[in-house]
Amino acid sequence: AVTLSTYALMLGDDSLVMSHRIAEWTSNAPDLEDDIALSNIALDLLGQARLLLARAAKADESAVPPLPEGSPAPPEDALAFFREAHEFRNVRFAEVVNGDFAEATVRVLLFSVWRLATFEKLRESRDHVLSAVAAKGVKELAYHRDYAARWFVTLARGTDESRTRLITALDSLWPLWPELFDTHPVEAAAAEAGVGVDPASVREAAEAVLDQVFTAADVEPSQAPRRSGVLGKTGRDGMHGEPLSRMLAEMQSVARAHLRGQW
Amino acid sequence: AVTLSTYALMLGDDSLVMSHRIAEWTSNAPDLEDDIALSNIALDLLGQARLLLARAAKADESAVPPLPEGSPAPPEDALAFFREAHEFRNVRFAEVVNGDFAEATVRVLLFSVWRLATFEKLRESRDHVLSAVAAKGVKELAYHRDYAARWFVTLARGTDESRTRLITALDSLWPLWPELFDTHPVEAAAAEAGVGVDPASVREAAEAVLDQVFTAADVEPSQAPRRSGVLGKTGRDGMHGEPLSRMLAEMQSVARAHLRGQW
Amino acid sequence: MTLTDHAPDDVLERHFEATIARNDRIEPRDWMPEGYRKTLVRQIAQHAHSEIIGMQPEGNWISRAPSLRRKAILLAKVQDEAGHGLYLYSAAETLGVSRLELTEMLISGRQKYSSIFNYPTLSYADVGTIGWLVDGAAICNQVPLCRTSYGPYGRAMIRVCKEESFHQRQGYELLATMMRGTDEQRAMVQESVNRFWWPALMMFGPPDADSPNTAQSMAWGIKRNTNDELRQKFVDMSVPQAEALGVTLPDPELIWNEERGHHDFGQPDWEEFMEGVKGNGPCNAQRMAHRRRAHEDGAWVREAATAYAAKQAAS
Amino acid sequence: MTLTDHAPDDVLERHFEATIARNDRIEPRDWMPEGYRKTLVRQIAQHAHSEIIGMQPEGNWISRAPSLRRKAILLAKVQDEAGHGLYLYSAAETLGVSRLELTEMLISGRQKYSSIFNYPTLSYADVGTIGWLVDGAAICNQVPLCRTSYGPYGRAMIRVCKEESFHQRQGYELLATMMRGTDEQRAMVQESVNRFWWPALMMFGPPDADSPNTAQSMAWGIKRNTNDELRQKFVDMSVPQAEALGVTLPDPELIWNEERGHHDFGQPDWEEFMEGVKGNGPCNAQRMAHRRRAHEDGAWVREAATAYAAKQAAS
């Protein structure tokens, strides 16, 4: 149960943190259609996060931070708003500070291609909640991927400036791509138990999809080397970059100011 | 005692919030000398804030937010880290989000000219703490003013770009200048009691100093109209702009995560 | 052959007026007086701009929403506002102006947006209050516009109103939930209502006596009610809602007038209103700078899309 | 006439070597071998860059310092680092390179800074740990440099070391205070020490066997001790401090060796170290981007200052 809980937490934190970053684009996108599309992506991921965090809480109640008596916050909110940065298990990729629209394009493309490959397998999970989340998520993520892939090709083949920005963005995010396929012991155990997916097992599928997009865009795969962790630890271990604690300071500020608040 | 407390809180909040904004320049200034100078200004203002908030707490203990038993936070920290945005009494000028270096120059110039004119009179306060803070502050603020005035003239007479940026910055901050000289009832009462200074009474002196700087820089005073408040209320009433609550979410995050923390 | 193509102007004008008189819709290909077209463009554009600028005050709290459910609701609501902007710009485009032109009119300050959005959002309660009072006032303004004489505008308003009333209920529900919470939360709601009540009343525009364009707009069937009529309707509607919520509306003159069958109420501060219109409200500069920056930051993306489309078309 | 002006090279070289042998200082106007000059520029620049980049990890917490006193201490400390950068760039300038040239070397990645600053700061305890361990290791490295053969460098180091040891005490005091606080705070300190212990050991550079330049630097009196000597000294110094603090150093091989009169200890992960040196550490990209942006954002200001100075000189 601890394995299932932690595994669901990992996936849920990815979605939550990524959703937060994408939502920061709201009212800032290059055009209304993109503002709407990015909000939509953020909303889908937020929906996934709620279900996944709720699953994590249910599988192991001890994972939920204790709140003062009288707090009506559901367990998924306790997880989102009352953990410290080092307790978050998201991959570092999800937390990176936003850049320009090319960066948003690459971010959504890489994340959704990776997550889609994972969810395609996770549909077979023995855990009915995870398999249901995955089944629904696959459709959402395919839309996210298509949206980002379209912009990836457009920017790559648009103007010199857009192509340069796109390649810069790809090189800036690529160092965190390999981490997406590292197998954490919890993920290995979850895969072993038939409830989760071993990230290493989806790398080939994910990279095959990316290659198609790169080819359509006439862009070479990035050569930027992997970003190392701290003493070998990365996001899945709770070892993050500096931006996460700042994000949480903002995200959690209202919830924490009202420990017994009803919302 | 409530008047003295609230008056000290107003001055203390100005210093605290302004210090926070200036400190955001640390490691971001155009040259090392300016990084050091801006940190210095932030430090001076922070020092003033500590004394002023401590004075506010001592004059009226009920002004201090209650902390859980066992919290060793001194009252000035309770005031800084455990009030909500609407309880802050700083002028809105202090909280505006930072812009470019021209904006920092104008910000420090206007703030220090205003505050210096106030402190020159506040040295005569019947309250010994306030008069001591003012006496020390006058020297600090004169340095801040001179630093900013030097840059004001340099940017005005430097390149076309620097002149344009300077004038843009002046026009962007000028709408909040008149608010600095509004007399809040608490300030009127403090002045009446001989402990505080009526802001309206220092406008002429402050503007005379500014005029000298404008003349040296060959810059016309800004014509940008006053920014209105909300239902006639502004910073001194606890009515702020949107940036303050974001600033506080960040500033208070660690202190609030550790209600009984020792630092 | 339609009537538009070759008929002389006076025939067209009689046809236009007959359509208006029948309460039928004017459609994009129909002839219309230039003044009608201009008034419509101005009004639809201002409405569209208001949706777009209106994303900012609420967007300010997306990153701090205190529960995942509220975060989803708020994000979806701000997204809907972008959607409303989209419908309305499309309606304006049927009158021969492009979205880009209108955006540039907004950014350069030549066209306005609703002054309500120049007020800051200062607590999470404001998300609820904007839903309840601001969207509530918007609905009062907009429901009659569903029957406006210009077809595309009227149809856009039908969609907008449907979503707005959903938002209004969500806002009210947030406030009701907070009122069942802690004392601090109740105080937060009351403080928020205190701040937004008067600005909400201002949303109906100046008193009829000071609103010279109302008569022509009503004659053309663009507008269906006067400012004061709508304001009265809003007050009458809000009073029982406030009671149910347990908040006080901050107007000492607010009282039921048995004779009129309406509430009497005080006047908002029209001087503060005019400052907002002139650009000197608490957040005008911030809102405009935000929109300008977003538009400018997006320029290279829009250029890339255009260049790519051209290359695709050529190949 | 000083010896520098016209004497033939071999005379100068003998004079230089005699000065080194006497442990006297070489001064800017003295003749020096090109290799000595280059080594010094590289070392001083790297040291200066480290101070400047080192402002970022601690600066990350200025806005969140949990008490006003700690905020003042931290702000003053980061300010001191800027000051150290300033002294050191000035020392390098006496060797004929400008601060701007050096900054451009940093920004383009042609010169390095200490890899320790590529680790993230993840909690407020890191402010204390950086003071205690990172500044502690820096002091071990730097105290011998106060006697370095190049005068301006040695004198800069004297000032730097004095301030660094003040910072180290402040860092230690923060940790000691936190250890007297709540369980969460104690856990935070321990976690922070776990993260910074190994990177601190890496600050002394690779083991002597893998450090080919050490011999020449020692012969020239630029360096006074080998990497391993200094690392040993640091470990021996830190163990009793950790005990006094009540934290565990995360090295299972750490043990007192009676025979050697020193602690035995494990090896840091030199592969991770090399990744950091190559630019692939957790924060390299972020640190460089920050510095580059600050430098570029300041370009118009520096240009304005130059233009103004020129106008003043001309008038």
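So, here is what we can say about the structure in this document. Predicted model only: the values in this text are computed from it and were never measured.

Definitions and cut-offs
Residues numbered from 1 in each chain as written. Chains lettered and ligands numbered in written order. Predicted model: local features only at pLDDT ≥ 70, side-chain atom pairs only at ≥ 80, totals over all residues. Heavy atoms only, no water. Helix = DSSP H or I, 4+ residues; strand = E, 2+ residues; numbered from the N terminus. Rg over C-alpha atoms; globule rule 2.2 N^0.38 Å. Axes fitted to C-alpha atoms, helices over the stretch in contact; angles between N-to-C directions. Parallel < 35°, antiparallel > 145°, perpendicular 65-115°, else oblique. Contact = heavy atoms within 4.5 Å. Nonpolar A, V, L, I, M, F, W, Y, C, P; charged D, E, K, R; others polar. Salt bridge = Lys/Arg side-chain N within 4 Å of Asp/Glu carboxyl O. Buried area = accessible area lost by both parts, 1.4 Å probe. Polar contact = N/O pair within 3.5 Å; in protein donor to acceptor, adjacent residues only side chain to side chain. Least-squares fit on C-alpha atoms with pLDDT ≥ 70 in both. Phe/Tyr/Trp six-rings, centres within 6.5 Å; stacked < 30°, edge-to-face > 60°. Buried < 20%, exposed > 50% of the residue type's maximum accessible area, 1.4 Å probe, protein only. Lys NZ or Arg CZ within 6 Å of the ring centre and 35° of its normal. Core = buried A, V, L, I, M, F, W, Y, C linked by side-chain atoms within 4.5 Å.

A separate point is the overall build of chain A. Along its length, chain A carries 10 helices and zero strands. Listing every helix and strand of chain A by position from the N terminus yields α-α-α-α-α-α-α-α-α-α. A compact globule built from 263 residues would reach a C-alpha radius of gyration of about 18 Å, and chain A, at 18 Å, matches this within 12%. With the principal axes as the frame, chain A shows a C-alpha extent of 60 × 40 × 35 Å.

Before going further, it helps to spend a moment on the packing of helix H9 (residues 183-202) of chain C against helix H11 (residues 227-245) of chain C. All names here are of chain C. Where H9 meets H11, the axes come as close as 9 Å, and the angle between the chain directions of the two elements is 150 degrees. Classified by the angle their axes make, H9 and H11 are roughly antiparallel. Side by side, H9 and H11 meet where Trp197, Ala200, Leu201 and Met202 of the first sit next to Arg231, Phe234, Val235 and Ser238 of the second. Each residue belonging to the contact of H9 with H11 can be placed in one class, and the counts come to six nonpolar, one polar and one charged.

This next bit is on the pattern of salt bridges. The tally for this structure, following the rule as stated, stands at 70 salt bridges over all chains. Taking the shortest distance from any N to any O, the salt bridge between Glu187 of chain A and Arg236 of chain A comes out at 2.9 Å. Pair noted here: Glu187 of chain A is in helix H7 (residues 185-192) and Arg236 of chain A is in the loop between helix H8 (203-217) and helix H9 (242-251), with a separation of 49 residues, a long-range link. The salt bridge partner of Arg155 of chain D is Glu27 of chain D, with a shortest N-O separation of 2.8 Å.

With that settled, the discussion passes to the interface of chain C and chain A. With 48 residues of chain C at the interface, the matching set in chain A holds 47 residues. When chain C packs against chain A, close to 4000 Å² is buried across both sides, 68% of that on carbon and sulfur atoms. Here chain C is connected to chain A by two salt bridges. Note that Glu33 of chain A is salt-bridged to Arg99 of chain C, the shortest N-O span being 2.4 Å. Our enumeration of links across chain C and chain A arrives at 15 residue pairs in polar contact (both at pLDDT 80 or more).

Of the residues lining the interface, seven residues belong to chain A; the matching set on chain B comes to seven residues. Taking both partners together, chain A and chain B bury about 500 Å²; carbon and sulfur atoms supply 51% of that area. The tally of links from chain A across to chain B stands at two salt bridges. As a salt-bridge pair, Glu250 of chain A and Arg246 of chain B come within 2.7 Å of each other at their nearest N and O atoms. Linking chain A to chain B there are two residue pairs in polar contact (both at pLDDT 80 or more). Broken down by secondary-structure element, the contributors of at least two residues to the side of chain A that touches chain B are H9 and helix H10 (253-257) of chain A. Class assignment for the residues of the side of chain A that touches chain B results in two nonpolar, one polar and four charged.

Quick look at the relation of the copies chain A and chain B now. Superposition of chain A onto chain B requires a rotation of 180 degrees combined with a translation of 0.0 Å along the rotation axis, giving an RMSD of 0.0 Å. Taken together, the rotation and translation describe the operation of a two-fold axis. Interface overlap between copies: 100% of the residues of chain A at the interface are likewise at the interface in chain B, consistent with a symmetric, same-surface contact.

Moving on, we come to the packing of aromatic side chains. Within a pair of aromatic rings, the relevant descriptors are the distance that separates the centres and the angle that separates the planes. Evaluated as defined, the whole model comprises 30 aromatic pairs over all chains. Summarising the aromatic geometry, the rings of Trp25 of chain B and Phe101 of chain B are spaced 6.0 Å apart at their centres and angled 85 degrees between planes, so their arrangement reads as edge-to-face. Of this pair, Trp25 of chain B sits in the loop between helix H1 (2-23) and helix H2 (32-59) while Phe101 of chain B sits in helix H4 (residues 101-122), and the two are 76 residues apart along the sequence. Comparing Trp25 of chain B with Phe101 of chain B shows no difference in burial state: the two are buried. Here the aromatic residues Phe152, Trp174, Trp177, Phe181 and Phe214 of chain A are joined through ring pairs into a cluster of three or more. Positioned above the aromatic ring of Phe88 of chain A is the side chain of Arg83 of chain A, whose terminal nitrogen or guanidinium carbon lies 4.0 Å from the ring centre.

This part is about the nonpolar core. Residues Phe152 and Trp177 of chain A together with Tyr36 of chain C are the most contacted members of the largest nonpolar core, which totals 184 residues. Ignoring any residue separated from it by four or fewer positions in sequence, one finds Tyr36 of chain C in contact with Phe16, Ile20, Ile26, Ser149, Tyr150, Trp220 and Ile222 of chain C.

Our focus in this paragraph is the side chain of Ser253 of chain A. Within the element layout of this structure, Ser253 of chain A appears in helix H10. A polar contact of 2.9 Å, which involves the side chain of Ser253 of chain A, links it to the backbone oxygen of Glu250 of chain A. Once residues lying within four places of it in the same chain are set aside, the contact partners of Ser253 of chain A are Leu248 of chain A, Ala249 of chain B together with Arg64 of chain C.

The next subject is unusual backbone geometry. All names here are of chain A. Of note, the phi angle at Ser27 is positive, near 70 degrees, even though the residue is not glycine. Along the chain, Ser27 falls in the loop between helix H1 (2-23) and helix H2 (32-59). A positive phi angle, close to 50 degrees, is found at Leu231, a residue other than glycine. Along the chain, Leu231 falls in the loop between H8 and H9. Assessed through its relative accessible area of 31%, Leu231 is described here as partly exposed.

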